[in-house]
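Reading the structure
The primary structure of each chain is shown beneath.
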Amino acid sequence: MKSSSEEQQEIEKKKLGSKKRERKMANGLSKRIFTFLMLISLVAVALNLLATVEAQNKKKPRRDVPIVKGLSWSFYQKACPKVEKIIRKELKKVFKNDIGLAAAILRIHFHDCFVQGCEGSVLLDGSASGPGEQSSIPNLTLRQAAFVVINNLRALVHKQCGQVVSCSDTLALAARDSVVLSGGPDYDVPLGRRDSLAFASQNTTLNNLPPPFAKASQLITDFANRNLNITDLVALSGGHTIGIAHCPSFTGRLYPNQDPTMNKFFANSLKRTCPTANSSNTQVNDIRSPDVFDNKYYVDLMNRQGLFTSDQDLFVDKRTRGIVESFAIDKKLFFDHFAVAMIKMGQMSVLTGSQGEIRSNCSARNTGSFMSVLEEGILEEALSMI
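These notes cover the structure that comes with them. (Residues numbered from 1 in each chain as written. Predicted model: local features only at pLDDT ≥ 70, side-chain atom pairs only at ≥ 80, totals over all residues. Heavy atoms only, no water.)

1. Quick notes on the pattern of salt bridges
To be explicit about the condition: What makes a salt bridge here is a side-chain nitrogen of Lys or Arg within 4 Å of a carboxyl oxygen of Asp or Glu, nothing more. We call a residue buried when its accessible area falls under 20% of the maximum for its residue type, exposed when it is over 50%, and partly exposed in between, using a 1.4 Å probe and counting protein chains only. The helix and strand labels rest on DSSP assignments: H or I over at least four residues marks a helix, E over at least two residues marks a strand, and numbering proceeds from the N terminus.
Tallied over the entire structure, the rule returns 15 salt bridges. With its nearest N and O atoms 2.6 Å apart, the salt bridge here joins Asp177 to Arg176. This pair shows no difference in class: Asp177 is buried, exactly as Arg176 is. In this structure, the salt-bridge partner of Glu325 is Arg321, at a minimum N-O distance of 3.6 Å. In this pair, Glu325 and Arg321 both sit in helix α12 (residues 318-329), four residues apart, roughly one turn of the helix. Owing to a relative accessible area of 29%, Glu325 belongs among the partly exposed residues under this scheme.

2. Considering unusual backbone geometry
Of note, the amide linkage connecting Tyr255 to Pro256 takes the cis form, showing an omega dihedral of -5 degrees. As for its position among the elements, Pro256 is in the loop between β1 (244-246) and α9 (264-273). Even without a glycine there, the phi angle at Asn227 is positive, about 60 degrees. Assignment of secondary structure puts Asn227 in the loop between α7 (216-224) and α8 (230-237). Despite not being glycine, Ser349 shows a phi value in the positive range, around 45 degrees.

3. Side note on the packing of aromatic side chains
Quick note on the threshold: Classification of ring pairs rests on two measures: the distance between centres of Phe, Tyr or Trp rings, Trp counted by its six-membered ring, which must be within 6.5 Å, and the angle between planes, read as stacked under 30 degrees, edge-to-face over 60 and tilted in between. Two limits define a charge over a ring: the Lys NZ or Arg CZ must be within 6 Å of the ring centre, and within 35 degrees of the ring normal.
Following the criterion strictly, the structure yields eleven aromatic pairs and no others. With centroids separated by 5.3 Å and ring planes inclined at 55 degrees, the aromatic side chains of Phe114 and Phe223 adopt a geometry described as tilted. Pair noted here: Phe114 is in the loop between α3 (100-113) and α4 (144-161) and Phe223 is in helix α7, with a separation of 109 residues, a long-range link. Summarising the burial analysis for this pair, Phe114 and Phe223 share the class buried. Chaining the aromatic ring pairs together yields one cluster made of Phe293, Tyr297, Tyr298, Phe327, Phe334, Phe335 and Phe338. For the cation-ring pair, Lys264 lies above Phe265, with the distance from its terminal atom to the ring centre recorded as 5.6 Å. One cation-aromatic arrangement involves Arg321 over Phe315; the distance from NZ or CZ to the ring centre is 4.1 Å.

Laid out in structure tokens, this is it:
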């Protein structure tokens, strides 16, 4: 039999063991609680970070880009306050069926602004005075379906607000929304453009649109003459991150000899798409994400997979190469500069005030020679806000 002292020692050992187990369990529970709390904290931090990034992505750039006299950030605030919502809502439906129209609308905006300015002249059909801008060689591949979309948007806006929003403003907003709804940056568009009374001649159109075979030097000079700098040039060229091109616009780099600045495997792929120089086939501008507005276009250029000479030479030329590299690395940087460049480009040689007209049909001049009472009313109201 055990003595009372031995029994007491065993009891003490059991108590000590029990306390150790309790401490061990408590320590384990504390660790689990601490780990759980840490996970909650990390999740909270991650969610907060995602919310911050999302807010930054949605946040529009500051309105610190100078705007020309006659335009305003709130031009239709009273006359048609829902104009932007109407256009974006409709384009969401349009792009759901055909995302390719986003690039087509953006391209029309470019082609409009570079010829006579952003005044909707490219939207006009030809007349007895001659063929319209759409008949010029560089514009033959503009999608007719996109012109229909612009006229439909104009009709929706006029139904809601009356004939107060110009076709050129409608096009500028549609181009912005084409970028946004394809994944690109959102930005404010200064409004108040008027529509031109005449289209440019075919020669004027041909001489003002930068050709796809242009070298960087030519583009730099051309853009400088339009008060657009080198960064604007590289940023606006990034519009080629969406859309398609027709073979004749780049097969000069394939036939009869391959352009040495083009990746050999990329060239072979293009030759399969365009077996002859005059093939009627098409090729996506950005082979990595053709329907998404992102910075992969610049990654293409760094890999010598730019489609046009005007694209690839931006990476060849030392003056623009660094900008291409920085945009390829930093998508937000590209988005910021693209938004600024679009705001600047969208103000080139605009008509404002009593100049031009507000067309009732984007493809034709108004039949009357004077502004309607409605137009005069919106003009007076808008000018008072500037």
